[in-house]
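One letter stands for each residue in the lines below.
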Amino acid sequence: MNIKSSMVGLQPYQPGKPIEEVKRELGLKEVIKLASNENPYGSSPSVEKAIMEEFQNIAVYPDGYAQELRTKTANLLGVNEQQLIFGNGSDEIILILCRSFLTNEDNIVIADPTFSQYAHNAVIEGTEIKAVPLNNGVHDLDEMHKAIDDNTKMVFVCNPNNPTGTYVNEDAFMSFLKKVPKDVLVVSDEAYYEYVTAEDYPSTLPLLKDYPNLMILRTFSKAYGLASLRVGYGIGSEKLIREIDPGRGPFNTNTIAQKAALTALEDQEFIESCYRKNKTELAKYVDFCEKNGFDYYPSQANFILMDLRKPGSDIFQYLLSKGFITRNGEALGFPTSIRITVGTPEQNDKIIEELTNWLV
Ligand SMILES: *Cc1c(COP(=O)(O)O)cnc(C)c1O
């Protein structure tokens with residue numbers, strides 16, 4: 001029994017360290033996880049009640065088509081219901097796209113570093129990865145365009161980019177999209193869309209009617225605070241969605257998750273308040289870096305990558321000993337950096353105090 005050769009040596013996804021494990025290992029009572037860009041304020045208070053009511057239905061398979069959630073999402077976005085595909089997290093949409101489009105004769109173009117799941121899923125399909133270095137932490141769309149050849153099937157633009165938090169602006173994205181051959185799918189992964197503050201962030205939804213080779217990814221895992229329930233979605237042309245839909249598992253989003261997402265969507269005030277708090281709190285980290293002369297990437301998301309000029313594993317271990325799980329930059333391609341998810345005001349103040357005590 002031989003596993004297919006593309007899987008040999010692949011590592012499973014390395015998540016941020018689980019809270020319970022850290023508590024046990026270090027004998028800490030309170031441990032705060034700021035490693036996976038989850039919402040520190042949880043989710044809309046209305047979600048809990050809504051999902052409790054769904055418990056009476058858990059013996060029954062979910063609606064695989066997610067009709068109610070589909071209608072609500074389509075209305076909110078101003079697209080047709082047939083332009084949406086829901087997934088077990090937007091991770092699953094990435095998987096569905098890869099299994100639908102890629103073979104061992106193709107390649108994809110991505111930035112380096114960027115979100116790990118694009119390359120991971122493409123590698124499983126035996127596909128070549130063309131990784132184009134970031135330019136000052138930002139996708140180098142000119143070089144990415146040059147990397148496209150006759151065998152390129154997809155280009156992933158992670159916007160804002162994980163792990164840098166940087167963004168591609170409207171002008172750069174538009175001129176790129178215009179140049180990309182029409183038979184190459186451009187995937188705009190907008191997992192942090194709700195946190196973006198930049199005025200010139202591209203508004204991609206209106207582009208769908210002119211660019212049938214554009215796919216937009218959004219998720220309920222980050223600002224909506226539903227990471228554990230696993231719902232994300234893709235938005236594309238009706239034809240594209242129809243073509244990839246058979247690649248989706250039959251009941252890939254569950255009843256409770258669908259209900260939670262539907263309810264969370266109705267509470268845009270909660271999203272608005274998380275957006276405002278994130279903006280204020282993110283500025284504290286920027287301030288800390290500016291004051292102390294540390295490099296950082298300007299972030300449009302709910303995390304920040306800071307170069308503290310010490311080995312990432314040392315910074316990680318130090319913050320861990322203080323009860324904070326963060327992301328070691330070494331694993332993300334930035335050996336002297338740390339990526340921290342913006343937490344609550346108290347959490348951020350405490351981290352900055354600890355870092356100041358240690359480094360300054
Ligand atoms: C978190 C994240 C996702 C995946 O989120 P799901 O929980 O699978 O919806 C996708 N893209 C980026 C860039 C992310 O950071």
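Residues numbered from 1 in each chain as written. Predicted model: local features only at pLDDT ≥ 70, side-chain atom pairs only at ≥ 80, totals over all residues. Heavy atoms only, no water.

Enquirer: Give a detailed account of the packing of aromatic side chains, specifying residues and quantitative values.
Expert: This model, assessed by the stated rule, comprises eleven aromatic pairs. Ring geometry for Phe86 and Tyr233: centres 5.6 Å apart, planes at 40 degrees, overall tilted. Taken together, the positions of Phe86 in strand S2 (residues 84-87) and Tyr233 in strand S8 (residues 232-235) put the pair 147 residues apart, joining distant regions of the chain. By relative accessible area, which is 2% here, Phe86 ends up buried. Centroid distance Phe220 to Tyr233: 5.7 Å. Interplanar angle 45 degrees. Geometry classified as tilted. Of this pair, Phe220 sits in the loop between strand S7 (214-219) and S8 while Tyr233 sits in strand S8, and the two are 13 residues apart along the sequence. Of the two residues, Phe220 and Tyr233, both sit in the buried class. (Phe/Tyr/Trp six-rings, centres within 6.5 Å; stacked < 30°, edge-to-face > 60°. Helix = DSSP H or I, 4+ residues; strand = E, 2+ residues; numbered from the N terminus. Buried < 20%, exposed > 50% of the residue type's maximum accessible area, 1.4 Å probe, protein only.)

Enquirer: Tell me what's going on with empty space enclosed by the protein, and back it up with residues and numbers.
Expert: Within the structure shown, the criterion is met by one cavity of 30 Å³ or more. In terms of lining, the largest cavity is formed by Asn39, Pro40, Tyr41, Tyr195, Cys274, Lys277, Asn278, Glu281, Asn302, Val342 and Gly343. Across the lining of the largest cavity, the residue classes break down as five nonpolar, four polar and two charged. (1 Å grid on protein atoms, 1.4 Å probe; cavity = no way out; pocket = protein on both sides within 12 Å on 5 of 7 lines; lining within 4 Å. Points joined across faces, edges and corners; volume = space filled by probe spheres on them. Nonpolar A, V, L, I, M, F, W, Y, C, P; charged D, E, K, R; others polar.)

Enquirer: Can you explain helix H2 (residues 46-54)? Please cite residues and give values.
Expert: Where H2 is concerned, the buried positions are Val47, Ala50, Ile51 and Glu54. Taken end-on, H2 shows its buried residues confined to a sector of 90 degrees, consistent with a single buried face. Projecting away from the buried face of H2 at angles above 90 degrees are the exposed residues Glu48 and Lys49. Structurally, H2 contributes buried residues whose contacts are with helix H9 (255-266). (Arc of directions from axis to C-beta. Contact = heavy atoms within 4.5 Å.)

Enquirer: Mind laying out the pattern of salt bridges, listing which residues take part and the relevant values?
Expert: Side-chain pairing between opposite charges can occur once the charged atoms of the two side chains come close. If you walk through the whole model with that rule in mind, you get 18 salt bridges. Between Glu54 and Lys259 there is a salt bridge, and its shortest N-O distance comes to 3.9 Å. Taken together, the residues span a long stretch of sequence, with Glu54 in helix H2 and Lys259 in helix H9 at a distance of 205 residues. Of the residues examined, Glu54 reaches a relative accessible area of 13% and is grouped as buried. By relative accessible area, which is 22% here, Lys259 ends up partly exposed. The partner of Arg230 in a salt bridge is Asp91, with the nearest N and O atoms 3.4 Å apart. Of this pair, Arg230 sits in the loop between S7 and S8 while Asp91 sits in helix H4 (residues 90-101), and the two are 139 residues apart along the sequence. Among the charged side chains, a network of salt bridges with common partners joins Glu281, Lys284 and Asp349. (Salt bridge = Lys/Arg side-chain N within 4 Å of Asp/Glu carboxyl O.)

Enquirer: Any details on the nonpolar core? Residues and values, ideally.
Expert: In globular proteins that are soluble, nonpolar side chains generally tend to be buried together. By size, the foremost hydrophobic cluster in this structure holds 56 residues, and its most contacted members are Leu69, Leu214, Phe220 and Ile235. Examining the composition of this core, we find that seven residues originate from one element, H9, more than from any other. Built from parts of two domains, this core gets at least three residues from each of domain 1 (14-43 + 269-359) and domain 2 (45-266). Not counting the four nearest positions on each side in its chain, Leu69 is found in contact with Phe86, Phe220, Val231, Gln258, Ala261, Leu262 and Leu265. Ala35, Leu320, Ile351 and Leu355 belong to the second-largest nonpolar core, a separate cluster that totals 26 residues. (Core = buried A, V, L, I, M, F, W, Y, C linked by side-chain atoms within 4.5 Å. Domains from an automatic or database assignment.)

Enquirer: Lay out the site of the ligand in plain terms, naming residues and giving numbers.
Expert: Close contacts around the ligand come from 13 residues, with Ser90, Tyr192, Thr219, Ser221 and Lys222 the closest. In the environment of the ligand, an oxygen atom lies 2.6 Å from a nitrogen or oxygen atom belonging to the side chain of Tyr192. Between the ligand and Thr219, the relevant distance is 2.5 Å, taken from an oxygen atom to a side-chain nitrogen or oxygen of the residue. A total of 380 Å² of accessible area belongs to the ligand in isolation, and the protein chains cover 94% of it. Class assignment of the residues belonging to the shell around the ligand gives a composition of four nonpolar, five polar and four charged. (Near = heavy atom within 4 Å. Polar contact = N/O pair within 3.5 Å; in protein donor to acceptor, adjacent residues only side chain to side chain. Areas by Shrake-Rupley, 256 points an atom, 1.4 Å probe, with all protein chains shown as cover.)

Enquirer: Explain a nonpolar patch on the surface to me, and be specific about the residues and the numbers.
Expert: On the surface, a cluster of nonpolar side chains totalling about 320 Å² of accessible area is made up of Met52, Phe55 and Ile58. Topologically, Ile58 is positioned in the loop between H2 and helix H3 (67-77). (Patch = residues over 30% accessible without salt bridge, like charges linked within 9 Å, V, L, I, M, F, W, Y side chains within 5 Å.)

Enquirer: Could you give an account of the domain arrangement of the chain, naming the residues involved and the relevant values?
Expert: Along its sequence, the chain is carved into domain 1 (14-43 + 269-359) and domain 2 (45-266). Centre-to-centre separation of domain 1 and domain 2, based on C-alpha positions: 25 Å. In this assembly, 24 residues from domain 1 lie in contact with 25 residues from domain 2. When domain 1 packs against domain 2, close to 2000 Å² is buried across both sides, 63% of that on carbon and sulfur atoms. Its largest share of buried area at the contact with domain 2, domain 1 owes to Ser43, Ile271 and Gln300, together 33% of the area lost on that side. Connecting domain 1 to domain 2 are six residue pairs in polar contact (both at pLDDT 80 or more). At the level of secondary structure, the elements contributing two or more residues to the side of domain 1 that touches domain 2 comprise helix H10 (268-292) and strand S10 (303-307). (Buried area = accessible area lost by both parts, 1.4 Å probe.)

Enquirer: Describe the UniProt feature "domain: Aminotransferase class I/classII large" (unreviewed entry) in the chain, and please don't skip the residues or the numbers.
Expert: Cross-referencing UniProt, the feature "domain: Aminotransferase class I/classII large" (unreviewed entry) maps to residues 30-355 in the present numbering. Its end C-alpha atoms 18 Å apart, residues 30-355 is made of 37% helix and 17% strand. (UniProt positions renumbered as here; feature names shortened; annotations may be inferred.)

Enquirer: Requested: an account of the environment of Arg218, with residues and values cited.
Expert: Within the secondary structure, Arg218 sits in strand S7. With a relative accessible area of 3%, Arg218 lands in the buried category. A C-alpha to C-alpha distance of 9.3 Å links Arg218 and Val231, two positions 13 residues apart in sequence. Look past the residues within four positions of Arg218 in its chain and what remains in contact with it is Leu77, Ser90, Glu190, Tyr193, Thr204, Leu205, Gly232, Tyr233 and Ile235.

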